[in-house]
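The chain contents come next:
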Amino acid sequence: MRWIFLILLFSFSKLFAEEVNLFTTRHYESDIKIYKKFTKKTGIKVNVVAGKSKSLEKRILEEGKDCIGDIFFLADVGRLISAEKKNIFQKISSSIFESEVPSSFRSEYWIGIAKRARIIFYSPSKISKNELKDLNYENLSEPRWKGQIAIRQANNVYNQSLIASLIEKNGLDYMKKWLKDFVNNFSRKPQGNDRAQILSVASGESKLAIANTYYYALMLSGKKGKEQQLAAQKVKPFFPNQNNRGVHMNISGVGVLKYSPNKENAIKLIE
Ligand SMILES: [Fe+2]
C-alpha cells in the first residue's frame, strides 16, 4: 500500500513539474487561450515571459546555457532569421510541421505559426479600382504615383521583410534603382505606424498606403476610437501581384532555443 502511495505521489509530482518556458514578443489574448488549452490537454504548464524582441534576444544570448527559455516566439520573419543567424535556435523537425506548414514558411530552425499580408490601401473616392488593375508592388516606383504613397520608416522590420522579398524576386540591382524611384513617390517624410499610413489616405494626404491587413481590421473594429474607425471606412484594401507570385505574406513564428531544458514539451506545444 505504501509503495502504491509513493508511486502515485511520484507520478503526481512529475505531472506538475512538466512545464515549458515560452519567450514571446506577442501580446494577444488568443495566444494565452491556446496555452491554457494546451495545459488542460497535456498537463504541461506554459510559463510566459513577454517582452520586446531585442531585449529577449539579449537575455537569451547573455544567459547562454543557463537560460530557462524553451521557445522563442517572434512576430516577423526578419526577426526569426536574425535569431537564427545569432545561433540562438537548435534544429527541429516533426512530421506535423512538414505536413501542416508549407516549406516557404519554415526553416530547419523555425516554424511559421501565423501569417499576415502587407498590402496597399487606397481611397475609392480618389482612385478607381480600374486604375489599380493588375498592380504589382513593382509598379509603385512608376512616375504616375509621384508624391502619392504613404509608408512608415525604413527601419521598420515589416518594410525590411517586404523589400527583402522584392530583392529575392527581382535582384539587388533592379531594387536599388526601384527604391530611388519609390522614395520619389512618397507623399510625405515617412512617419508613424501602419495605422498612421491608412489615416493619411483617409485624410486625402496620400493616395496609396502600405500597411498590414490586421491594422485596418483593428481600426474598423472601433477599438482604436471612433475617428480611426471612420477613417478606415473611407479606405479600401488592395492585394497586389495577383497575376504573378501573389501578395507579400509575413509570418510570426517560433524556434526552440539551443539550450532548451524542456525540448520535448516545446515541440509538443508548437505542434
Ligand atoms: Fe504588427
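Undergrad: What's the story with helix α4 (residues 77–85) in this structure? I'm lost.
TA: One turn of the α-helix equals 3.6 residues, which is why residues spaced by three or four share an orientation. Residue Asp-76 occupies the N-cap position of α4, its side-chain oxygen lying 2.6 Å from the main-chain nitrogen of Gly-78. Just downstream of α4, Asn-87 is the residue with a positive phi angle, here 65°.

Undergrad: Explain helix α6 (residues 157–170) to me, please; I cannot follow it from the model alone.
TA: Here α6 spans 20 Å end to end across 14 residues, near enough to the 20 Å set by a 1.5 Å rise per residue. Those residues of α6 lying buried are Val-157, Tyr-158, Asn-159, Ser-161, Leu-162, Ile-163 and Leu-166. N-capping of α6 is provided by Asn-156, with a side-chain oxygen placed 3.1 Å from the backbone N of Tyr-158. One or two positions beyond α6, positive phi appears at Gly-171, with a value near 90°.

Undergrad: What exactly am I supposed to notice about the coordination of the iron ion here?
TA: Each donor-metal-donor angle in an ideal tetrahedron of four donors is 109.5 degrees, and each such angle in an ideal octahedron of six donors is either 90 or 180 degrees. Within the protein, Tyr-158 (OH), Tyr-214 (OH) and Tyr-215 (OH) serve as the donor atoms for the iron ion, at 2.0 to 2.1 Å. Expressed as a motif, the donor residue spacing for the iron ion is Y-x55-Y-Y. Taken together, the positions of Tyr-158 in helix α6 and Tyr-215 in helix α9 (residues 213–221) put the pair 57 residues apart, joining distant regions of the chain. For the pair Tyr-158 and Tyr-215, one class covers both residues: buried.

Undergrad: Please clarify how unusual backbone geometry should be interpreted in this entry.
TA: Keep in mind that most residues, glycine aside, have a negative phi and that most peptide bonds are trans. Phi at Asn-87 is positive, roughly 65°, even though this residue is not glycine. With respect to the secondary-structure elements, Asn-87 resides in the loop between α4 and α5 (95–100). Take Asn-87: its relative accessible area is 48%, and that puts it in the partly exposed class. Of note in the backbone geometry, Asp-134 takes a positive phi value of approximately 60° without being a glycine. Within the secondary structure layout, Asp-134 lies in the loop between β4 (110–122) and β5 (149–150).

Undergrad: Explanation requested: the packing of helix α8 (residues 194–202) against α9 in the structure shown.
TA: Two quantities define a packed helix pair, namely the angle between the axes and the distance from one axis to the other. Look at α8 against α9: their axes get within 9 Å of each other, and the N-to-C directions meet at 70°. Compared by their axis directions, α8 and α9 come out roughly perpendicular. Here α8 runs over α9; the crossing is right-handed. Packed against α8, whose contacting residues are Asp-194, Arg-195, Ile-198 and Leu-199, the element α9 presents Tyr-215, Tyr-216, Leu-218 and Met-219 at the interface. Its residues assigned to classes, the contact of α8 with α9 shows six nonpolar, no polar and two charged.

Undergrad: Help me out: how do you make sense of the side chain of Ser-141 in this one?
TA: By the secondary structure assignment, Ser-141 is in the loop between β4 and β5. One polar contact links the side chain of Ser-141 to the main-chain carbonyl oxygen of Glu-138, over a distance of 3.3 Å. Of the polar contacts made by the side chain of Ser-141, one reaches the side chain of Trp-178; its length is 3.4 Å. Contacts of Ser-141, omitting those with residues within four sequence positions, involve Trp-178, Asp-181, Phe-182 and Asn-185.

The rules behind each value
- Residues numbered from 1 in each chain as written.
- Predicted model: local features only at pLDDT ≥ 70, side-chain atom pairs only at ≥ 80, totals over all residues.
- Heavy atoms only, no water.
- Polar contact = N/O pair within 3.5 Å; in protein donor to acceptor, adjacent residues only side chain to side chain.
- Helix = DSSP H or I, 4+ residues; strand = E, 2+ residues; numbered from the N terminus.
- Expected span 1.5 Å × (residues − 1).
- Buried < 20%, exposed > 50% of the residue type's maximum accessible area, 1.4 Å probe, protein only.
- Donors = N, O, S within 2.8 Å, 3.2 Å for Na, K, Ca; no water.
- Axes fitted to C-alpha atoms, helices over the stretch in contact; angles between N-to-C directions.
- Parallel < 35°, antiparallel > 145°, perpendicular 65-115°, else oblique.
- Left-handed = near helix turned anticlockwise from the far one by under 90°.
- Contact = heavy atoms within 4.5 Å.
- Nonpolar A, V, L, I, M, F, W, Y, C, P; charged D, E, K, R; others polar.

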